[in-house]
Amino acid sequence: MGLGNRFCDNAPGTETGVIILKCPNCGNKITIINRWWPGGANDYGSFKLKCSKCGHVFTTRIGRNIDISEVSSGAELLEIIEDN
Ligand SMILES: [Zn+2]
């Protein structure tokens, strides 16, 4: 089990956006559900991802809020890296 399915439903009170990126190695499409608390205290940072197609591991910047955002498809979330 990765960290990818922590939230089955939208967290109440949050705003949601979608981040679409490509694996830098194979071009596989990766979709991330980006959530944040409007006007709230949001933690910024990055996700360490493993491409589900080729297994390439890389880090991508998510911004806010890394604690309630999640990977929807295309990769496994290996680690959440908070900004210092
Ligand atoms: Zn890949």
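Scroll up for the structure.
Predicted, not measured: the structure shown is a model, and the values here were computed from it.

Time to look at the overall build of the protein. Scanning the protein from terminus to terminus reveals zero helices and six strands. Reading the helices (α) and strands (β) of the protein from amino to carboxyl end gives β-β-β-β-β-β. Considering the protein as a whole, with its 84 residues, one finds that 17% of them fall into the buried category. Summarising the internal contacts of the protein: among those between residues at least 6 apart in sequence, 57% fall at separations of at least 24.

Residue N65 is bonded to the preceding R64 through a cis peptide linkage, with omega at -25°. Residue position: N65 is located in the loop between β4 (57-63) and β5 (70-73).

The subject of this paragraph is the nonpolar core. If you look at the biggest cluster of nonpolar residues, it comprises 10 residues: C23, I30, I32, F47, L49, C51, I62, I66, V71 and A75. When residues of this core are traced back to their parent elements, those giving at least two are β2 (29-36) and β3 (45-51). Tallying contributions element by element places β3 first for this core, with three residues.

Taken together, the eight bridges between strand β1 (residues 15-22) and β2 define a ladder with antiparallel strand orientation. Bridge pairing links V18 to I33 in β2. Two strands pair when backbone bridges link them, and β2 and β5 are joined in this way by three bridges, in the antiparallel orientation. Bridge assignment links T31 to a residue of β5, and that residue is S73.

Here we take up the sheet that holds β2. Through backbone hydrogen bonds, the strands of a sheet pair up, either in parallel or in antiparallel fashion. Taking strand neighbours across the sheet as the criterion, the three strands line up as β1-β2-β5 in an open arrangement whose pairing is antiparallel. The open sheet has two edge strands, β1 and β5, and neither has a second partner. Sheet twist, expressed as the mean angle between neighbouring strand axes with direction ignored, is 30°.

About the cut-offs
- Residues numbered from 1 in each chain as written.
- Predicted model: local features only at pLDDT ≥ 70, side-chain atom pairs only at ≥ 80, totals over all residues.
- Helix = DSSP H or I, 4+ residues; strand = E, 2+ residues; numbered from the N terminus.
- Buried ≥ 20, exposed ≤ 12 C-beta atoms within 10 Å, placed from the backbone.
- Contact = placed C-beta atoms within 7 Å.
- Core = buried A, V, L, I, M, F, W, Y, C linked by C-beta atoms within 7 Å.
- Pairing = 2+ DSSP bridges.
- Axes fitted to C-alpha atoms, helices over the stretch in contact; angles between N-to-C directions.

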